[in-house]
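Architecture and fold: a report
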Amino acid sequence: MASLKVPASVPPPQEDAEQLNKAFKGWGTNEGLIISILAHRNAAQRNLIRQVYAEAYGQDLLKDLDKELSNDFERVVLVWTLDPAERDAYLANEATKRFTSSNWVLMEIACSRSSHDLFKVRQAYHARYKKSLEEDVAYHTTGDFRKLLVPLVSAFRYEGDEVNTMLAKSEAKILHEKISDKAYSDDEIIRILTTRSKAQLNATLNHYNNAFGNAINKNLKEDADNEFLKLLRATIKCLTYPEKYFEKLLRLAIKKIGTDEWALTRVVATRAEVDMERIKEEYRRRNSVTLDHDIAGETAGDYERMLLALIGHGDA
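Residues numbered from 1 in each chain as written. Predicted model: local features only at pLDDT ≥ 70, side-chain atom pairs only at ≥ 80, totals over all residues. Heavy atoms only, no water.

UniProt feature "binding site: Ca(2+) 1" (unreviewed entry): in the numbering of this structure it lies at Phe-24, Gly-26, Gly-28, Glu-68, Ile-254, Lys-256, Gly-258, Ala-296, Thr-299 and Glu-304. In summary, the annotated positions, distributed over 281 residues, remain apart in three dimensions as well, the widest C-alpha pair reaching 38.9 Å. Looking at the secondary structure, you find Gly-26 in the loop between helix 1 (13-23) and helix 2 (31-38). When you line up the elements, Gly-28 lands in the loop between helix 1 and helix 2. (UniProt positions renumbered as here; feature names shortened; annotations may be inferred. Helix = DSSP H or I, 4+ residues; strand = E, 2+ residues; numbered from the N terminus.)

Structural data, given as structure tokens:
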């Protein structure tokens, strides 16, 4: 269930486009008006607003927002206003660039989106960058990271609840043998993690826990400084318990010395319409304080107001 609060009676997109255009006029931008509209419209409504705005004013709404806003507030508004597939394509492309490269962001997009959504991301990437996502991921990664990430971003998993128990038992055994041998990037581990449905993976990992007395991620903590192992553990968490993965990401972004605004922006903008309620519950359970409280304590101004609106707090 999404956290985004869409007003019961949403004005027509023509009215929203007109109000946004007004927000850019006169002395200084009306940031409050921008938040009151964009933070309370779902993806389909935001797409319509962008279309109507372009028709009415001959301008790209994103370009006008870019011109009028600045800093973290600008970034969260722009990332949020993008269509979800377009947004993920942009985030993935940033994650393959030299100075903004991030294996974690690539993994996160591949593991926490549905097969259909990930397929749309690949289409959006192709349309925007004139090459494939797989091509860029393969070019910008090496070794074990490439071995894991290319099939992850290429995946088209079965989305249903059907589970093969015998298969879960046999693949739990395979995983345990490979991990015991420290063959962490073995083809079989990669195959299981990058092809099986999330329901099947959960069954396999539950059997692993029951049969071998340890959760798989405990057994993958042998070498605390191994970056590939860290990514492998995060992959498993993101595939099986995305709310726990994103809670930890938010906690680390907020608690570090000097808030990691980019991680905070990315998680809030990408999860607000997906599973933010579950992430908030997990955050409260894990930290004994609400996510709203911590965001309000670490951010300020229009950026804070936009984030709080997106996670479903209040009306501003």
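This part is about the packing of helix 5 (residues 71-81) against helix 20 (residues 301-310). Between helix 5 and helix 20, whose axes approach to 8 Å, the crossing angle comes to 30 degrees. By the angle class used here, helix 5 and helix 20 are roughly parallel. For the crossing formed where helix 5 meets helix 20, the hand is left-handed. Contacts between helix 5 and helix 20 involve Asp-72, Phe-73, Val-76, Val-77 and Trp-80 on the former and, on the latter, Asp-302, Tyr-303, Met-306, Leu-307 and Leu-310. The residue makeup of the contact of helix 5 with helix 20, split by class, is 8 nonpolar, no polar and 2 charged. (Axes fitted to C-alpha atoms, helices over the stretch in contact; angles between N-to-C directions. Parallel < 35°, antiparallel > 145°, perpendicular 65-115°, else oblique. Left-handed = near helix turned anticlockwise from the far one by under 90°. Contact = heavy atoms within 4.5 Å. Nonpolar A, V, L, I, M, F, W, Y, C, P; charged D, E, K, R; others polar.)

What follows is about the UniProt feature "binding site: Ca(2+) 3" (unreviewed entry) in the chain. Residues given the UniProt feature "binding site: Ca(2+) 3" (unreviewed entry) here are Glu-298. Residue placement: Glu-298 occurs in helix 19 (residues 291-298). Not counting residues within four places of it along the chain, the set of residues in contact with Glu-298 comprises Ile-254 and Thr-259.

So, about the side chain of Thr-270. Turning to its location among the elements, Thr-270 is positioned in helix 17 (residues 261-271). Those residues within four positions of Thr-270 in sequence are excluded, and the remaining contacts are Arg-87, Asp-88, Leu-91 and Arg-113.

This part takes up a positive patch on the surface. A contiguous patch of positive charge on the surface is contributed by Lys-218, Lys-221, Lys-248 and Arg-286. When its relative accessible area of 54% is taken as the criterion, Lys-221 is described as exposed. (Patch = residues over 30% accessible without salt bridge, like charges linked within 9 Å, V, L, I, M, F, W, Y side chains within 5 Å. Areas by Shrake-Rupley, 256 points an atom, 1.4 Å probe, with all protein chains shown as cover. Salt bridge = Lys/Arg side-chain N within 4 Å of Asp/Glu carboxyl O. Lys, Arg positive; Asp, Glu negative; His and termini not counted. Charge placed at Lys NZ, Arg CZ, Asp CG, Glu CD. Buried < 20%, exposed > 50% of the residue type's maximum accessible area, 1.4 Å probe, protein only.)

A few words now on the environment of Asn-103. Tracing the backbone through its elements, the reader meets Asn-103 in helix 7 (residues 103-112). Classification of Asn-103 by relative accessible area gives partly exposed; the value is 24%. Along the backbone, Asn-103 and Leu-149 are 46 residues apart, and their C-alpha atoms lie at a distance of 7.7 Å. Ignoring sequence-local partners within four residues, the contact set of Asn-103 consists of Thr-141, Phe-145, Leu-149 and Leu-231.

Each α-helix turn comprises 3.6 residues. Residues three or four places apart therefore point the same way. When the terminal C-alpha atoms of helix 11 (residues 165-180) are compared, their 22 Å separation across 16 residues agrees well with the 22 Å that a helix rising 1.5 Å per residue should span. Ala-168, Glu-171, Ala-172, Leu-175 and Ile-179 are the residues of helix 11 that are buried. Mapping the buried residues of helix 11 onto a view down its axis gives an arc of 110 degrees, with all of them on the same face. For helix 11, the capping residue at the N-terminal end is Asn-164, with a side-chain oxygen 3.1 Å from the backbone nitrogen of Met-166. Following helix 11 by one or two positions, Lys-182 has its phi on the positive side, about 60 degrees. (Expected span 1.5 Å × (residues − 1). Arc of directions from axis to C-beta. Polar contact = N/O pair within 3.5 Å; in protein donor to acceptor, adjacent residues only side chain to side chain.)

The next subject is the packing of aromatic side chains. Scanning the model with the defined rule gives 7 aromatic pairs in all. Ring centres of Phe-145 and Phe-228 lie 5.8 Å apart, and the angle between their planes is 80 degrees; on these two criteria the pair is classed as edge-to-face. A residue pair is termed long-range when its members are at least 10 positions apart, and Phe-145 in helix 10 (residues 143-154) and Phe-228 in helix 15 (residues 227-240) qualify at 83 residues. With a centroid separation of 5.1 Å and an interplanar angle of 80 degrees, the aromatic rings of Tyr-245 and Phe-246 are classed as edge-to-face. (Phe/Tyr/Trp six-rings, centres within 6.5 Å; stacked < 30°, edge-to-face > 60°.)

This part is about unusual backbone geometry. The backbone of Lys-182 shows a phi angle near 60 degrees, a positive value even though the residue is not glycine. Mapped onto the secondary structure, Lys-182 falls in the loop between helix 11 and helix 12 (187-195). On the basis of relative accessibility, which here comes to 49%, the residue Lys-182 falls in the partly exposed class. The phi angle at Ser-288 is positive, at roughly 55 degrees, despite the residue not being glycine. Within the fold, Ser-288 resides in the loop between helix 18 (276-287) and helix 19. A relative accessible area of 69% means that Ser-288 is categorised as exposed.

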